[in-house]
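# Commentary on secondary and tertiary structure
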Amino acid sequence: MLSAVHAAALIICSGAASAQDGSASAPASAASAPAPAPAAASAPAPAASAAAAAPADAASSPAATAPRPNGASTEAAREALQKKEGDVDQAKVLRETLSAADKQYSLLRAGKRAITYDLTYSYIGEQLINANFTDQQLTAFSIQNTRGHTVTNTLSADYGVRDNLTANVTVPFVSKYSQSESFSGLTNAFGDISLGARFQPFPVTREFPALTATGTLRLPTGRSPFKTIERQGLGTGAGYASATVGLNASKVVDPVAIFGSVNFTYGLPAKHLSQVRNGQELKEVRPGMGVGFGVGFAYALSYNISTTLSFQQSISARTKLKVLDGARGLVDTKTASQSSAMLNMGLGVRASPVTTMNFTVGVGLTSDTPDFTFGMNMPLHF
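The shown structure was predicted, so the numbers you read here are calculated from the model rather than taken from an experiment.

## Things to note about the overall build of the chain
- Scanning the chain from terminus to terminus reveals five helices and 17 strands.
- A total accessible area of about 23300 Å² is found for the chain, and carbon and sulfur atoms account for 63% of it.

## Remarks on the pairing of strand E5 (residues 194–199)
- Along E5, the buried face is formed by Ser194, Gly196 and Arg198; none of Leu195, Ala197 and Phe199, which line the opposite face, is buried.
- Of the strand pairs in this sheet, strand E3 (residues 165–179) and E5 are connected by six bridges, and their pairing is antiparallel. In the strand pairing of E5, alanine 167 is matched with alanine 197.
- Sheet topology note: the E5/strand E6 (residues 210–218) ladder contains six bridges and is antiparallel. Across the sheet, the residue bridging to glycine 196 is threonine 216, located in E6.

## Observations regarding the side chain of threonine 150
- Looking at the secondary structure, you find threonine 150 in strand E2 (residues 137–162).
- A relative accessible area of 15% means that threonine 150 is categorised as buried.
- Apart from residues no more than four positions distant in its own chain, threonine 150 is found in contact with Thr120, Tyr121, Ser122, Val174, Ser175 and Lys176.

## Some details on the sheet that holds strand E9 (residues 275–277)
- Read across the open sheet, the four strands follow the order E9-E10-E13-E14; overall the sheet is antiparallel. If you trace the sheet from one side to the other, it starts and ends with E9 and strand E14 (329–334), each paired once. Each strand axis lies, on average, 40 degrees off the axis of its neighbour in the sheet, ignoring direction.
- In terms of strand pairing, E9 meets strand E10 (residues 280–286) through three bridges, oriented antiparallel. Note that in E10 the partner of valine 276 across the bridge is glutamate 281.

## Topic: the nonpolar core
- Core analysis: the biggest nonpolar cluster contains eight residues, these being Phe226, Ala270, Leu273, Leu282, Val285, Leu321, Val323 and Val331.
- Counting residues per element, the ones that place at least two in this core are E10 and strand E13 (320–325).
- Excluding residues within four positions of it along the chain, valine 323 makes contact with Gln280, Glu281, Leu282, Lys283, Gly329, Leu330 and Val331.

## What to know about the environment of proline 269
- Assignment of secondary structure puts proline 269 in the loop between strand E8 (256–267) and E9.
- Separated by 30 residues in the primary sequence, proline 269 and glycine 239 place their C-alpha atoms 9.3 Å from one another.
- Proline 269 has contacts with Val285, Arg286 and Pro287, leaving out every residue within four places of it along the chain.

## What to know about the pattern of salt bridges
- Throughout the structure, instances matching the rule amount to five salt bridges.
- A salt bridge links arginine 109 to aspartate 163; the shortest N-O distance between them is 3.8 Å. Here the residue arginine 109 occupies a position in the loop between helix H5 (90–101) and strand E1 (113–134), and aspartate 163 occupies one in the loop between E2 and E3, the gap between them amounting to 54 residues.

## What to know about the packing of aromatic side chains
- On inspection of all chains with the given rule, the structure shows three aromatic pairs.
- A centroid spacing of 5.4 Å and a plane angle of 85 degrees characterise the contact between phenylalanine 173 and phenylalanine 190, whose relative ring orientation is edge-to-face. Of this pair, phenylalanine 173 sits in strand E3 while phenylalanine 190 sits in strand E4 (residues 184–190), and the two are 17 residues apart along the sequence.
- The exposure class of phenylalanine 190 is partly exposed, given its relative accessible area of 49%.
- On the basis of an interplanar angle of 50 degrees and a centroid distance of 6.3 Å, the ring pair of phenylalanine 293 and phenylalanine 311 is categorised as tilted. Of this pair, phenylalanine 293 sits in strand E11 (residues 290–300) while phenylalanine 311 sits in strand E12 (residues 305–316), placing them 18 residues apart in sequence.
- The exposure class of phenylalanine 293 is partly exposed, given its relative accessible area of 37%.

## Quick look at unusual backbone geometry
- The backbone of histidine 272 shows a phi angle near 60 degrees, a positive value even though the residue is not glycine.
- Tracing the backbone through its elements, the reader meets histidine 272 in the loop between E8 and E9.
- By relative accessible area, which is 77% here, histidine 272 ends up exposed.

## Thoughts on the environment of glutamine 312
- Structurally, the position occupied by glutamine 312 is in strand E12.
- Taking the C-alpha atoms as reference, glutamine 312 lies 5.3 Å from methionine 342; in sequence the two are 30 residues apart.

## Thoughts on the side chain of threonine 356
- With respect to the helices and strands, the residue threonine 356 is situated in strand E16 (residues 355–364).
- A distance of 3.5 Å separates a polar atom in the side chain of threonine 356 from a polar atom in the side chain of arginine 350.

## Comments concerning the confidence of the model for the chain
- Overall, the prediction assigns the chain a mean pLDDT of 75, with 66% of residues at 70 or greater.
- Note that residues 1–69 has pLDDT below 50 and, in this model, seven contacts with residues that lie over four places away or in other chains.

## Some words on the pairing of strand E7 (residues 242–253)
- Here E6 runs beside E7; their pairing, made up of nine bridges, is antiparallel. Bridge pairing in E7 places leucine 211 opposite alanine 249.
- Note: E7 against E8, 12 bridges, orientation antiparallel. Counted as the bridge partner of leucine 247 is valine 262 from E8.
- Hairpin connection, E7 to E8: the antiparallel pair is bridged by two residues.

## Regarding the environment of methionine 376
- Within the secondary structure, methionine 376 sits in strand E17 (residues 372–380).
- Each C-alpha atom of the pair methionine 376 and methionine 357 lies 7.3 Å from the other, and the pair is 19 residues apart in sequence.
- Residues in contact with methionine 376, not counting those within four places in the same chain, are Tyr117, Asp118, Leu119, Met357, Asn358 and Phe359.

Parameters at a glance
- Residues numbered from 1 in each chain as written.
- Predicted model: local features only at pLDDT ≥ 70, side-chain atom pairs only at ≥ 80, totals over all residues.
- Heavy atoms only, no water.
- Helix = DSSP H or I, 4+ residues; strand = E, 2+ residues; numbered from the N terminus.
- Areas by Shrake-Rupley, 256 points an atom, 1.4 Å probe, with all protein chains shown as cover.
- Buried < 20%, exposed > 50% of the residue type's maximum accessible area, 1.4 Å probe, protein only.
- Pairing = 2+ DSSP bridges.
- Contact = heavy atoms within 4.5 Å.
- Axes fitted to C-alpha atoms, helices over the stretch in contact; angles between N-to-C directions.
- Core = buried A, V, L, I, M, F, W, Y, C linked by side-chain atoms within 4.5 Å.
- Salt bridge = Lys/Arg side-chain N within 4 Å of Asp/Glu carboxyl O.
- Phe/Tyr/Trp six-rings, centres within 6.5 Å; stacked < 30°, edge-to-face > 60°.
- Polar contact = N/O pair within 3.5 Å; in protein donor to acceptor, adjacent residues only side chain to side chain.
- pLDDT = per-residue confidence, 0-100.

In C-alpha cells form, the structure reads like this:
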C-alpha cells in the first residue's frame, strides 16, 4: 500500500519537474534567440556585415566629412599653405619682400654682408611726326618710329656699418639696342655707379612705422647721352652726377605690409660738351630739381609666397641748356618738365631658407616712362 502511494508520488513529482523544466527552458530559449544576431554582426565573414560596417567607417573618416567634389584639392591647398620645417614667419617674408622691392626699406646687422643680383628689361617706343607747312599748305610729312630695348645687369653689395646704418654700392652693366628709321645699333657698357647709405634714426616699435633715411650719390660712369651721336640713343648713363636724399616708412601688420617713400634729387651740371643737335652745338646741361614719391603694399599669401603692388612717380623741373648757334652765339634755352609714373606688380617665391626669387612687372603710365619693364632679383651667397 505504501509502495503504491510512493510510486504515485514519484510519478507526480517527476511530471511536475518535467513541466517546470519545460516552462523554464522555453523562456531561456526565447531569451537566447537574439544572441546569434550580435555574433553574426561581429563576424567579418558575412558580406552584409561588411556592408553595414562601411557607412560607420566612412562617417568616421575625416575625408568623408566634406563630401565635396573638390575636397581633395582643398585639402592639398591647405597643406601647401601650412608652415613647413625651415619656413620663416610671415613677418620676415614681408620684410624680405620690401627689401626686394626696394632696398631702401631694409638694413643689415653690424658686420653683415649681402650681395644681390638684379636683371631688368625695359622697352620704350616713340612715334615722331614731322610736318612742314608752306603758306598754310602741307609740303612734307613723315612718321618716324623709334624703339629702344634695354637689359641691365646689376650687382649690389651691402655692408652693415652699425645695426642702424648700412652702406651700399651698386654697379650696373647695360646692354642697349636702339632702332629708328635711320639707325639701328647695339651698345654694351657700364652704367652709372651709385654709392649710398641707409640710416634708421629711431628703434623699430610695434606701434609706429619703421622710418629709414637714405642718401645716394650717382656717379657719371656710364656712356653720356650728351657725348653720343644725335638720335642714336645709345647712352647708358645720365651724363651728369646727382645726389638724392629720401625718407621711407613701412609698417608690417601680418600678413600685410604697407610702405611709402619720398625723395628729392639734385643734379650737378654737365659742362664742356660739344654735341651737335639740329645744327646747333650743345655746350652745357643743368638738370632741374626732381621730386619722387611712392606707395604700395605687400601681402604674404603663405610662408613661401608673397605679392606686391606699388605706384611710383617722379617729377623733374625744366632742364636748362646752353647751345652755340652760329648766328646768335651762345643761347640759353629750357626743355619741358618731365613726369614719369610706373605701376609695379611683384611676386616673391621662397626657393630655400636662404634664397628668395622676386619677379616684378611694371607698366608705364606717362609718355616719359618706359612702356614696359620686367625685373628679377635674388640674393647671392658665397
